[in-house]
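What follows is each chain in one-letter form.
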Amino acid sequence: MMGSIKRAVLAALRRAGYEIVSLGPLYPAANRRLTMMAHHGVNTVVDVGANTGQYASALRQAGYKEEIFSFEPLSEAYEELEKKSRRDPKWRVFHCAIGEENGEAEINIAGNSESSSLLPMLDAHIRSAPESKYRATEVVKVSALDSVLEPLLSKESRVLLKIDTQGYEHHVIKGARALLQQVHLIECELSLTPLYEGQYLFQDMLELLNGVGFEPVHFEPVFSDLKTGYCLQVDGTF
């Protein structure tokens, strides 16, 4: 009897769009990330494309207590990011985009903020997420990670590099050649189909990361087309 009731409750929840799952050492994603970080002795997180601090906040909630360096170019998002970090002495935030070289650039501001990019957005992205269409631009500072972090990291720093830059990932990697010597994990957004003009796609990024000594250890879907069911972007860990 109890088994039948349990199945009926679970079925009703699924129809409503919910599912109950048991938590384990590798679920949810935060648990898997912490397991990998512990395995590699990570004591420093470099959070590129921080937006309002969602990634860093999730790390803190999961129990990570060491250094975080977050980078966000958009003024509005950075303001919220800076507020979140104020009471956390081990969380430093920087108001800039990250690229291959130091300079300035015009960033496109998306309607949903998280999809903002230094690259033009393609129709495939707009069709799958109309709310992400660009609504404005902003001139932002661009820095290479090597130039910012070289004086801030110690020889004992063991880094997880997280990159969420909407098609600009390869530029971030190319501006972090020195930093990569201390990076033990890279978490990077990868596109299976062109969503931004000039971006490296999945296979291109695999080859780039393999060329600097990193191999894939995990993938997780993050953006799909609701009309086709196709996965458009994944988060890859290397």
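Here's a quick rundown of the structure. Throughout this document, residue positions are counted from 1 along each chain, in the order its sequence is written. Only residues with pLDDT of at least 70 are given local features in this predicted model, and only at 80 or more are side-chain atom pairs given and counted; all residues enter the totals for whole chains, interfaces and linings. The basis for every side-chain value is the complete set of heavy atoms in the structure, and neither hydrogens nor water enter the calculation.

Description of helix 2 (residues 29–40)
Every α-helix winds through 3.6 residues per turn, so residues three or four apart in the chain are directed the same way.
Here's step 1: Elements are defined by DSSP. Helices are runs of H or I of four residues or more, strands are runs of E of two residues or more, and each kind is numbered from the N terminus. Helix span is expected to be 1.5 Å times the residue number reduced by one. The first and last C-alpha atoms of helix 2 sit 17 Å apart over 12 residues, in line with the 16 Å expected at 1.5 Å per residue.
Here's step 2: Looking only at helix 2, the buried set comprises Arg33, Met36 and Met37. Along helix 2, the residues classed as buried sweep out an arc of 100° about the axis, all on the same side. When the buried face of helix 2 is taken as reference, the exposed residues oriented beyond 90 degrees from it are Ala38 and His39. Note on exposure labels: buried denotes an accessible area under 20% of the residue type's maximum, exposed denotes more than 50%, and partly exposed covers the range between, all computed with a 1.4 Å probe on protein chains only. The arc in question is the one spanned by the directions pointing from the helix axis to the C-beta atoms.

What to know about the pairing of strand 7 (residues 159–163)
Here's step 1: Among the 5 residues that make up strand 7, 5 are buried, leaving the element largely enclosed by the rest of the structure.
Here's step 2: By the alternation rule, side chains of strand 7 split into Val159, Leu161 and Ile163 and Leu160 and Lys162, which are all buried.
Here's step 3: Whether two strands pair depends on DSSP finding at least two bridges between them. In this structure, strand 1 (residues 44–48) lies alongside strand 7, joined through 5 bridges in parallel fashion. By the bridge assignment, Thr44 is partnered in strand 7 with Val159.
Here's step 4: Orienting the strands away from the viewer, one traces the path from the first strand over the helix to the second; a clockwise path indicates a right-handed crossover. Each parallel crossover has a hand, and the one from strand 7 via helix 7 (residues 169–174) to strand 8 (residues 183–191) is right-handed.

Observations concerning the sheet that holds strand 6 (residues 134–143)
Here's step 1: Within the open sheet, the 3 strands sit side by side as 4-6-5. Their pairing is mixed. Each edge of the open sheet is held by one strand with a lone partner, namely strand 4 (97–98) and strand 5 (103–110).
Here's step 2: Two elements, strand 4 and strand 6, share 2 bridges in a ladder whose sense is parallel. Counterpart to Ile98 in the pairing with strand 6 is Ser143.

Concerning the packing of aromatic side chains
We describe a pair of aromatic rings using the distance from one ring centre to the other and the angle between the two ring planes.
Here's step 1: The criterion for an aromatic pair is that two Phe, Tyr or Trp rings (for Trp, the six-membered ring) have centres within 6.5 Å, with stacked assigned to planes under 30 degrees apart, edge-to-face to planes over 60 apart and tilted to the rest. Counted by the stated rule, this structure contains 4 aromatic pairs.
Here's step 2: Taking 6.1 Å as the distance between ring centres and 85° as the angle between the ring planes, the aromatic pair formed by Phe219 and Phe238 counts as edge-to-face. Of the two residues, Phe219 sits in strand 9 (residues 218–224) while Phe238 sits in the segment after strand 10 (231–237), which places them 19 residues apart along the sequence.
Here's step 3: Classification of Phe219 as partly exposed rests on a relative accessible area of 34%.
Here's step 4: Ring pairs connect the aromatic residues Phe69, Phe71 and Phe94, which therefore count as one cluster.

Remarks on helix 3 (residues 54–62)
Here's step 1: Every buried residue of helix 3 is listed here: Tyr55, Ala56, Ser57 and Leu59.
Here's step 2: Just downstream of helix 3 lies Gly63, where phi reads positive at about 115°.

Some words on the packing of helix 2 against helix 3
Helices that pack against each other are described as a pair by the angle of their axes relative to one another and the distance between those axes.
Here's step 1: With their axes 10 Å apart at the nearest point, helix 2 and helix 3 run at an angle of 80° to one another. The angle between the axes of helix 2 and helix 3 places the two elements in the roughly perpendicular class. Together, Ala30, Arg33, Leu34 and Met37 of helix 2 and Tyr55, Leu59 and Ala62 of helix 3 make up the contact between the two elements. All axes here are fitted lines through C-alpha atoms, helices being fitted over the stretch that makes contact, and every angle between N-to-C directions spans 0 to 180 degrees. Oblique is the label for any angle not covered by the other classes, which are roughly parallel (under 35 degrees), roughly antiparallel (over 145) and roughly perpendicular (65 to 115). Residue contacts are counted whenever heavy atoms from the two residues lie within 4.5 Å of one another.

Topic: the sheet that holds strand 2 (residues 67–71)
Here's step 1: If you walk across this open sheet you meet the 7 strands as 3-2-1-7-8-10-9, and the pairing is mixed. Lying at the two open borders of the sheet, with one neighbouring strand each, are strand 3 (91–94) and strand 9. Neighbour to neighbour, the strand axes of the sheet diverge by 15° on average, direction disregarded.
Here's step 2: Sheet topology note: the strand 8/strand 10 ladder contains 5 bridges and is antiparallel.

Details of the environment of Leu208
Here's step 1: Within the fold, Leu208 resides in helix 8 (residues 202–211).
Here's step 2: On a C-alpha basis, the gap between Leu208 and His170 in space is 7.7 Å, while along the polypeptide they are 38 residues apart.

Brief notes about the nonpolar core
Here's step 1: Nonpolar cores are built from buried Ala, Val, Leu, Ile, Met, Phe, Trp, Tyr and Cys residues. Side-chain atoms within 4.5 Å join them into one set. Among the nonpolar cores identified, the biggest contains 30 residues, and Phe71, Leu145, Leu149, Leu161 and Ile186 are the most heavily contacted of them.
Here's step 2: Setting aside its immediate chain neighbours within four residues, Leu145 contacts Val46, Val48, Phe71, Ile98, Gly99, Glu150, Leu161, Val172, Gly175, Ala176 and Leu179.

A few points about the pattern of salt bridges
Here's step 1: Only one rule defines a salt bridge in this text: a Lys or Arg side-chain nitrogen within 4 Å of an Asp or Glu carboxyl oxygen. Enumeration over the complete set of coordinates arrives at 7 salt bridges.
Here's step 2: In this structure, Arg60 and Asp88 form a salt bridge, with 2.7 Å as the shortest nitrogen-oxygen distance. Separated by 28 residues along the polypeptide, Arg60 in helix 3 and Asp88 in the loop between helix 4 (75–85) and strand 3 bring together distant segments of the chain.
Here's step 3: The buried category is assigned to Asp88, whose relative accessible area is 17%.
Here's step 4: Close ionic contact of Lys90 with Glu66 constitutes a salt bridge, the shortest N to O distance being 3.5 Å.

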